[in-house]
Amino acid sequence: MSSLYDEISPESPDDVPVLRVTMTVNGEKRAADVEPRLLLAHLLRYGFRMTGTHTGCDTSNCGACTVLLDGKAIKSCTMLAIQANGHEVTTVEGLATASELHPIQEGFKQEHGLQCGFCTPGMMLAAKALLDDNDDPTEDEVRWALSGNLCRCTGYQNIVKSVLWAAAKLRAEAPAADQESELT
Ligand code: FES
Ligand code: FES
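Residues numbered from 1 in each chain as written. Chains lettered and ligands numbered in written order. Predicted model: local features only at pLDDT ≥ 70, side-chain atom pairs only at ≥ 80, totals over all residues. Heavy atoms only, no water.

A.B. asks: Just checking my understanding: could you explain the overall build of the chain for this structure?
C.D. replies: Each helix and strand counted, the chain has six helices and five strands in total. Ordered by position in the sequence, the α and β elements of the chain form the string α-β-β-α-β-β-β-α-α-α-α. Of all 184 residues assigned to the chain, the portion counted as buried reaches 41%. Only carbon and sulfur atoms are counted for the fraction: they give 49% of the accessible area of the chain, which is about 9,900 Å². (Helix = DSSP H or I, 4+ residues; strand = E, 2+ residues; numbered from the N terminus. Buried < 20%, exposed > 50% of the residue type's maximum accessible area, 1.4 Å probe, protein only. Areas by Shrake-Rupley, 256 points an atom, 1.4 Å probe, with all protein chains shown as cover.)

A.B. asks: I keep staring at the pattern of salt bridges and nothing clicks. Help me out?
C.D. replies: Note on pairing: side chains with opposite charge can pair once their charged atoms come close. If you walk through the whole model with that rule in mind, you get seven salt bridges. A salt bridge links Lys169 to Glu106, with the shortest nitrogen-to-oxygen separation between them at 2.8 Å. Of this pair, Lys169 sits in helix H6 (residues 157-183) while Glu106 is found in helix H3 (residues 103-110), placing the two residues 63 residues apart along the sequence. The exposure class assigned to Lys169 is partly exposed, which follows from its relative accessible area of 22%. (Salt bridge = Lys/Arg side-chain N within 4 Å of Asp/Glu carboxyl O.)

A.B. asks: Would you mind showing me how to read the packing of H3 against helix H4 (residues 120-133) here?
C.D. replies: For any two helices packed against each other, one specifies the crossing angle of their axes together with the interaxial distance. Axis separation between H3 and H4 bottoms out at 10 Å; the angle between their running directions is 125 degrees. In terms of orientation, H3 and H4 fall into the oblique class. Relative to H4, the crossing made by H3 is right-handed. Packed against H3, whose contacting residues are Ile104, Gln105 and Phe108, the element H4 presents Thr120, Met123, Met124, Ala127, Lys128 and Leu131 at the interface. (Axes fitted to C-alpha atoms, helices over the stretch in contact; angles between N-to-C directions. Parallel < 35°, antiparallel > 145°, perpendicular 65-115°, else oblique. Left-handed = near helix turned anticlockwise from the far one by under 90°. Contact = heavy atoms within 4.5 Å.)

A.B. asks: Is there a simple way to explain the nonpolar core in this structure?
C.D. replies: One broad trend across soluble globular proteins is that nonpolar side chains are buried collectively. With 22 residues, the main nonpolar core has Ile104, Phe108, Met123, Leu131, Leu146, Ile159 and Val163 as its most contacted residues. Counting residues per element, this core draws most heavily on H4, at eight residues. The contacts of Ile159, once residues within four sequence positions are left out, are Phe108, Gly113, Cys119, Met123, Leu146, Cys151 and Thr154. Counting residues in each nonpolar core, the second largest holds 18 residues, with Val21, Val25, Val34 and Met50 among its members. (Core = buried A, V, L, I, M, F, W, Y, C linked by side-chain atoms within 4.5 Å.)

A.B. asks: Help me understand the side chain of Thr154 in this model?
C.D. replies: Along the chain, the position of Thr154 falls in the loop between helix H5 (139-145) and H6. Residue class for Thr154 comes out buried when judged on its relative accessible area of 16%. At 3.0 Å, the side chain of Thr154 and the backbone nitrogen of Tyr156 are in polar contact. Each residue touching Thr154, except ones within four places of it in the same chain, is listed here: Gly113, Leu114, Gln115 and Ile159. (Polar contact = N/O pair within 3.5 Å; in protein donor to acceptor, adjacent residues only side chain to side chain.)

A.B. asks: Got a minute to help me understand H3 in this structure?
C.D. replies: What sets the pattern is the α-helix's 3.6 residues per turn: residues three or four places apart point alike. Within H3, the full set of buried residues consists of Pro103, Ile104, Gln105, Gly107 and Phe108. The positive-phi residue at the C-terminal boundary of H3 is His112, with phi of around 55 degrees.

A.B. asks: Mind showing me how you'd approach the environment of Ala32 here?
C.D. replies: Checked against the element boundaries, Ala32 lands in strand S2 (residues 28-34). A relative accessible area of 12% places Ala32 in the buried class. Linking Ala32 and Arg20, residues 12 residues apart in sequence, is a C-alpha distance of 5.7 Å.

A.B. asks: What should I look at first to understand the layout of surface pockets in this one?
C.D. replies: It is a probe the size of a water molecule, rolled over the atoms, that shows where empty space is left. Of the volumes computed, that of the largest pocket is approximately 160 Å³. The wall of the largest pocket is formed by Thr66, Ala73, Ile74, Lys75, Ala126, Ala129, Leu130, Ala145, Gly148 and Asn149. Of all elements in the fold, only strand S4 (72-75) and H4 reach the threshold of two or more residues within the lining of the largest pocket. Partitioning the lining of the largest pocket into residue classes produces six nonpolar, three polar and one charged. Two domains each provide a minimum of three residues to the lining of the largest pocket, namely domain 1 (5-94) and domain 2 (103-177). (1 Å grid on protein atoms, 1.4 Å probe; cavity = no way out; pocket = protein on both sides within 12 Å on 5 of 7 lines; lining within 4 Å. Points joined across faces, edges and corners; volume = space filled by probe spheres on them. Nonpolar A, V, L, I, M, F, W, Y, C, P; charged D, E, K, R; others polar. Domains from an automatic or database assignment.)

A.B. asks: When you look at the side chain of Thr66 in this model, what are you seeing that I'm missing?
C.D. replies: Structurally, the position occupied by Thr66 is in strand S3 (residues 66-69). Since its relative accessible area comes to 4%, Thr66 is described here as buried. With residues up to four places along the chain from it excluded, the contact list for Thr66 reads Ala73, Ile74, Lys75, Gly122, Leu125, Ala126 and Asn149.

Structural data, given as C-alpha cells:
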C-alpha cells in the first residue's frame, strides 16, 4: 500500500511497508498509514488535506512548511511523519475559529503583511510560536523569530508590523481573559 506516495511520486514502488501513525492535528485526533520515508509536510498536505502547509524548497530553507509541533515552530519538510507520531500539530487551518480570525491573521490583514500569500502560513506559525512565548517582543525579536522564513514579495517590513500589531492586540485582550478566569 502506498496511496500517499502514489500522489507525491507516481514512480514509487508499491512494496514499501507502512506504519500506523496517530497525532492530534488542530485539536482533532488523526491517524494514517504512512511509509517511513513520508515527510510530515506531505502527510499534512496530501494525507490530511491541510493544504495551508506549503512546500517551497523541501530543503529547510524557505519556512513555507512551518507548523507547530507541541507548540514549537518546526519545518515540516525536514521531519518524517512517523516522528510526529503521538504529538500535537498545529497548522494554519488551526488558527482561526469558525467565526473569528486569529489576531495574527488579523494583523496580517490590517498591516498588509502579505502579497502572493505563499510564505504567509509559515510566517504566521513562526509568529505564533514567538508570541506564545513572548507577548511583548521588540522589532528585533520579531525579525529574529521570522529569520527562518523567506518572503519573495513584501520586503518583510509589513510582516514585522503585522506581528507587532498582533502582539499588541493579544496583550489588549489578555486582561479580559484573565478576569473571566478569576470569576469562574
Ligand atoms: Fe520546508 Fe522550504 S518547504 S523549509
Ligand atoms: Fe509572497 Fe511572501 S507574500 S512570498
